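Summary of structural features
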Amino acid sequence: MSTYRLKNLLAPRSVALVGASPRQGSVGRAILNNIGKASFNGEFGLVNPRYSEIDGVATVGRLSKLSFVPELVVLTAPAKSIAGLIDEAGRRGTAGAVIVSAGLGHGPGSLAEEAEHAAQKYGMRLIGPNCLGIMMPCVNLNASFSAHMPGKGSLALISQSGAIAAGMVDWAAQRAVGFSGIVSIGDQLDVDIADLLDYFALDDKTQAILLYIEAIKDARKFMSAARAAARIKPVVVVKSGRMAQGARAAATHTGALAGSDAVYDAAFQRAGVLRVSDLRELFDCAETLGRLKSPPGKRLAILTNGGGIGVLAVDRLAELGGIPAAIAPEIRAKLDAVLPPTWSGSNPVDIIGDADPARYAAALEVLLADPGNDAILVMNVQTAIARADEIAATVTGVIQKYLAQQRMSPKPVLAAWIGADQKIGDILSGAGIPNYPTEDDAVRGFMHLVRHREVVEALAQVPPAMPTSFAPDTEVSRRIVADALADGRRWLDPIEIKRLFDAYDIAMVPTYAAADAEEAVAHARAIFAQGSTVVLKIMSRDIVHKSDVGGVVLNLTSVEAVRAATSDILARAKALRPEARISGVMVQAMVLRPKARELILGLADDPTFGTVVVFGRGGTAVEIINDKALALPPLDLQLARSLIERTRVSRVLRAYRDVPAVKEDVVAMVLVKLAQMAADIPEIRELDINPLLADQAGVLAVDARVALGRVERKFRGSGPANFAVRPYPSQWQRHLGVKDGWRVFVRPIRPEDEPLIHGFLRHVTSHDLRLRFFAPMKEFSHEFIARLTQLDYARAMAFVAFDEVTNELLGVVRIHSDSIYESGEYAILLRSDLKGRGLGWVLMQLIIEYARSEGLKAISGDVLTENTVMLAMCRSLGFEVKSDPTEHDICNVKLAL
């Protein structure tokens with residue numbers, strides 16, 4: 001239900017605890033003590049029918065006996081009483097509950113289902129059950145049984161594990177790292193990870209979001225929320241179960257390559273989420289992101305009193321993709337002026353083991369003023385010559401002075417005092433300087449900042465236009481698959497695969513099916529006549545890997561050789577796999593492309609994220625080499641290029657020695673076509689092309705397998721049933737009539753529309769922009785427009801209208817629904833010179849039609865009271881118009897669908 005009533009749960013003005021006990025060691029007693037220690041500044045009540053008071057706090061026997069209506073109830077009562085307590089709270093008007101109690105079970109008929117039904121009657125939100133609780137320092141609320149209360153800060157933590165949440169609090173207490181909120185979500189009966197991502201993404205007290213994930217229940221909802229949050233602030237995840245192998249046996253090479261954790265990796269990458277491998281790295285991430293903003297580049301200057309530790313830092317930086325900042329001649333001259341002649345003369349700036357506080361300060365001041373670096377890492381190895389704590393205090397002073405003088409984005413400064421005691425860490429942490437125990441941790445911390453900036457830039461990139469010549473024959477391809485399924489088959493035969501690939505313009509070696517040796521000879525004669533030699537391959541839906549049974553024979557040059565090889569292949573396959581159903585052999589022309597690279601491309605089906613696109617190095621040893629990368633569809637050329645670049649084989653696609661480069665984008669285009677095929681034909685459950693030969697002339701599929709299955713709808717909402725990320729909804733393209741014969745073409749917005757939006761906004765007056773955005777808008781940045789044009793089409797949709805004659809952009813209408821598709825908020829903007837011609841009416845009708853098709857129950861919006869034209873249109877369309885109870889210059893409009 002997205003963020004509905006979450007503020008009431010996470011920033012409540014009143015709380016009741018139900019089930020507290022005077023018994024030492026009980027969960028209820030621990031939560032009561034924590035609420036008292038945190039000094040919650042709202043109303044608080046205690047409910048327990050067995051005691052008149054607990055620890056000096058008066059109790060009442062029932063929620064109905066409280067003198068106030070609690071916004072939040074915290075439940076630690078026995079599992080069997082939870083549903084009744086939620087019903088009682090709902091009748092009083094409570095907004096939500098945190099269910100700490102365990103033992104409610106799962107599924108139909110369980111106590112959890114009873115609790116969920118009770119909450120739904122009153123629109124209550126539920127966190128838990130079986131959770132640690134919540135800690136919200138911003139309102140001094142610790143409704144958890146954690147041992148400590150975190151300080152106020154800018155990090156939000158969402159954790160599926162109560163133990164992990166408690167551990168983060170303990171770590172933070174030692175490092176002076178504060179939190180905007182910590183939520184242990186437990187069994188996610190209602191409020192889930194996506195809901196909380198939505199909440200903290202828009203929370204101005206939160207600078208970065210940390211996630212601990214064990215499994216994702218609703219992949220489409222998660223992807224939509226994570227992508228939206230990552231555009232605004234860093235989202236960092238650690239996921240357990242990295243080494244777990246999928247239980248099912250994969251039927252194709254691509255299925256074997258697409259392990260469960262690799263799919264999670266692909267999902268996090270697509271969403272713009274930074275993944276770390278363990279808690280230590282998560283702590284380092286928190287240390288960095290909780291204190292610093294991302295720098296504009298990845299050039300790091302390193303200041304140290306130890307050459308060896310500096311070189312280790314540079315090695316790690318290069319390994320992780322960072323750049324050691326170059327020291328320009330003029331900067332070297334300034335350093336020469338303040339440092340002894342024995343300093344290193346380059347980066348790392350080694351100021352020698354006898355460096356005192358003054359030397360550190362002088363060098364740091366030069367580096368802070370140097371435009372040739374993007375950030376600075378200050379390191380110290382303790383010596384008997386200069387006190388490490390005095391150096392830390394001096395460095396802290398220099399940085400604080402620099403920050404006080406810096407009005408724009410300050411340069412990040414990180415620290416690593418090797419082997420330092422807690423006192424030095426306190427000095428640095430107290431000044432807001434992220435500090436680490438080793439050079440490796442510090443460099444990783446810097447690269448987390450860099451990776452976040454790169455993620456935001458990648459999310460905002462305008463993808464290249466698709467070739468207009470690509471127009472798949474979906475009617476033919478769907479008929480091929482439907483006929484095979486109607487025949488009760490799970491696999492397409494080689495001839496059907498060739499026809500399917502032809503429909504998507506994927507080049508494949510001509511393939512013929514032969515039931516016996518004489519049919520094979522007949523096809524071979526035609527191939528010999530074209531000057532080629534022949535390849536034979538066993539044809540069996542039960543033999544996955546042909547070479548395992550000697551089922552491939554290459555380079556046959558005569559009819560007699562073909563006849564003999566066919567007999568041998570069939571006999572060998574029957575002997576080695578007597579249970580296999582053997583249809584005969586495939587006959588193909590021998591492909592001689594000596595400088596071609598062997599690749600594997602395909603589709604796999606993941607139980608959580610649906611269809612996955614796989615790319616890597618092909619050949620018979622594909623699983624052993626294991627050089628692959630995965631991506632969630634849909635793909636454009638930019639995403640396909642990125643997928644390719646994440647593999648080692650991508651390096652040999654470029655030219656080397658006497659081998660020409662593979663023709664530009666031909667491999668990426670096949671990946672795009674496969675992703676489109678998966679969208680068009682969700683019955684394709686697995687597919688692999690192995691090998692796909694790629695060289696300067698183009699690409700050619702030599703062998704392929706396609707597994708079919710009935711469609712299983714994995715995700716709510718419209719769009720392909722098997723995609724966690726919804727593809728471009730081309731079915732919503734419309735040619736519409738306006739007034740006086742004026743016609744417009746309307747379609748869903750695309751990322752590449754960004755330049756058109758910039759041009760469109762030049763035709764909108766400042767007055768109309770203020771009516772739309774509720775504030776004066778003088779300029780629109782690339783990042784701002786990217787957020788408007790780059791939608792996931794799951795919870796947000798925007799339509800752009802073009803004049804059919806001039807092709808000029810005329811207007812934009814959009815809607816953003818909550819995460820369970822119950823209601824949506826609309827917005828509309830037209831060119832100022834076109835108002836009053838009926839375009840706004842047409843676009844509003846279209847967005848209402850779209851909302852109905854999505855199953856939304858209502859559309860709402862906020863309109864300035866002075867925007868009388870918009871308010872009049874809303875009334876004509878049937879919207880209910882009310883004055884906002886708190887913002888008197890705003891009207892709330894709502895249309896029930």
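Everything here concerns the structure above.
Conventions used here
- Residues numbered from 1 in each chain as written.
- Predicted model: local features only at pLDDT ≥ 70, side-chain atom pairs only at ≥ 80, totals over all residues.
- Heavy atoms only, no water.
- Helix = DSSP H or I, 4+ residues; strand = E, 2+ residues; numbered from the N terminus.
- Rg over C-alpha atoms; globule rule 2.2 N^0.38 Å.
- Buried < 20%, exposed > 50% of the residue type's maximum accessible area, 1.4 Å probe, protein only.
- Contact = heavy atoms within 4.5 Å.
- Areas by Shrake-Rupley, 256 points an atom, 1.4 Å probe, with all protein chains shown as cover.
- Lys, Arg positive; Asp, Glu negative; His and termini not counted.
- Charge placed at Lys NZ, Arg CZ, Asp CG, Glu CD.
- Pairing = 2+ DSSP bridges.
- Right-handed = clockwise from strand over helix to strand, strands pointing away.
- Phe/Tyr/Trp six-rings, centres within 6.5 Å; stacked < 30°, edge-to-face > 60°.
- Axes fitted to C-alpha atoms, helices over the stretch in contact; angles between N-to-C directions.
- Salt bridge = Lys/Arg side-chain N within 4 Å of Asp/Glu carboxyl O.
- Expected span 1.5 Å × (residues − 1).
- Left-handed = near helix turned anticlockwise from the far one by under 90°.
- Nonpolar A, V, L, I, M, F, W, Y, C, P; charged D, E, K, R; others polar.
- Polar contact = N/O pair within 3.5 Å; in protein donor to acceptor, adjacent residues only side chain to side chain.

1. Looking at the overall build of the protein chain
Scanning the protein chain from N- to C-terminus turns up 28 helices and 38 strands. By the compact-globule yardstick of 29 Å for 897 residues, the protein chain fits well, its C-alpha radius of gyration being 32 Å. By its C-alpha atoms, the protein chain is 95 × 80 × 65 Å across when sized along the principal axes. Of all 897 residues assigned to the protein chain, the portion counted as buried reaches 57%. At a minimum sequence separation of 6, the contacts of the protein chain that also span at least 24 residues come to 72%. Roughly 37200 Å² of accessible area belongs to the protein chain as shown, and the carbon and sulfur atoms make up 52% of that amount. Computing the positive centroid from 100 side-chain charges and the negative centroid from 100, the protein chain places the two 2 Å apart.

2. A look at the environment of K293
Along the chain, the position of K293 falls in the loop between α10 (279-289) and β15 (299-304). Taking the relative accessible area as the measure of exposure, K293 reaches 61% and is therefore exposed. Setting aside residues no more than four positions away along its own chain, K293 makes contact with Q207, P412 and L449.

3. Comments concerning the sheet that holds strand β4 (residues 57-60)
The sheet built from seven strands is open, its strands ordered β3-β4-β2-β1-β5-β6-β7 with mixed pairing. The open sheet terminates on both sides in strands that have one partner only, identified here as β3 (53-54) and β7 (125-127). Examined bridge by bridge, strand β6 (residues 96-99) and β7 share three bridges and lie parallel to one another. Counterpart to V98 in the pairing with β7 is I127.

4. Some thoughts on the pairing of strand β12 (residues 208-213)
In terms of residue burial, β12 counts as a mostly covered element, since six of its six residues are buried. Here β12 shows no split at all, with A208, L210 and Y212 on one side and I209, L211 and I213 on the other all buried. Examined bridge by bridge, strand β10 (residues 152-159) and β12 share five bridges and lie parallel to one another. Bridge assignment links A156 to a residue of β12, and that residue is I209. Of the crossover connections in this fold, the one passing from β12 over helix α7 (residues 219-232) to the parallel strand β13 (residues 235-239) is right-handed.

5. Some thoughts on the packing of aromatic side chains
The way to describe two aromatic rings as a pair is by their centre distance and the angle between their planes. As enumerated under the stated definition, the model contains nine aromatic pairs in all. Centre to centre, the rings of W732 and Y850 are 5.2 Å apart; their planes meet at 75°, and the pair counts as edge-to-face. One end of the pair, W732, is in the loop between β30 (704-708) and β31 (734-737); the other, Y850, is in helix α27 (residues 839-853), and 118 residues separate them in sequence. The exposure class assigned to W732 is buried, which follows from its relative accessible area of 9%. Site record: aromatic cluster; members linked through ring pairs are F222, Y264, F268 and F609.

6. Comments concerning the sheet that holds strand β22 (residues 534-540)
Read from one edge of the open sheet, four strands run β21-β24-β22-β23, paired in antiparallel fashion. Unpaired on one side and paired on the other, β21 (511-514) and β23 (552-556) mark the two borders of the sheet. Here the strands of the sheet are splayed against their neighbours by 25° on average, with no regard to which way each runs. Of the pairings in the sheet, the one linking β21 to strand β24 (residues 582-589) comprises four bridges and is antiparallel in character. Of the residues in β24, the one forming a bridge with Y512 is V587.

7. Some points on the pattern of salt bridges
Any two side chains of opposite charge can pair, on the condition that their charged atoms come close. Across all of its chains, the model carries 47 salt bridges by this definition. Residue R299 is joined to D374 by a salt bridge in which the shortest nitrogen-to-oxygen separation is 2.9 Å. You can see R299 sitting in strand β15 and its partner D374 sitting in the loop between α13 (357-368) and β18 (375-381), a full 75 residues away along the chain. For R299, a relative accessible area of 30% corresponds to the partly exposed category. In this structure, E849 and R734 form a salt bridge, with 3.5 Å as the shortest nitrogen-oxygen distance. With E849 in helix α27 and R734 in strand β31, this residue pair connects regions lying 115 residues apart in the sequence. Given the relative accessible area of 40%, E849 is considered partly exposed. A cluster of three or more residues bridged by salt bridges with shared partners is formed by R125, D190, D192, D195 and K221.

8. Concerning the environment of L864
Following the sequence through the fold, L864 ends up in strand β36 (residues 858-864). Here the alpha-carbon distance between L864 and C891, two residues 27 residues apart in the chain, equals 6.1 Å. Setting aside chain neighbours within four positions, we find L864 in contact with R770, L771, F774, L871, D889 and I890.

9. Digging into helix α14 (residues 388-405)
Each turn of an α-helix holds 3.6 residues, which means side chains three or four residues apart point in the same direction. When the terminal C-alpha atoms of α14 are compared, their 26 Å separation across 18 residues agrees well with the 26 Å that a helix rising 1.5 Å per residue should span. Looking at the packing, one finds that the buried side of α14 touches α13, β18, β19 (413-418) and α15 (422-430).

10. Quick notes on the packing of α7 against helix α16 (residues 439-459)
To describe two helices that pack against each other, one gives the angle between their axes and the distance between the axes. Across the interface, α7 lies against α16 with an axial gap of 9 Å and an inter-helix angle of 115°. The hand of the α7/α16 crossing is left-handed. Residues R227, A230 and R231 of α7 form the contact with α16, whose participating residues are H452, V456 and L459. Tallied by class, residues from the contact of α7 with α16 come to three nonpolar, one polar and two charged.

11. Focus: the side chain of S21
As for its placement among the helices and strands, S21 is situated in the loop between β1 (14-18) and α2 (27-38). Under the relative-accessibility criterion, S21 is labelled buried at 17%. There is a polar contact of 3.0 Å between the side chain of S21 and the backbone nitrogen of R23. The residues contacting S21, other than those within four sequence positions of it, are S26, G28, R29 and I54.

Any functional reading would require information beyond the geometric quantities listed.
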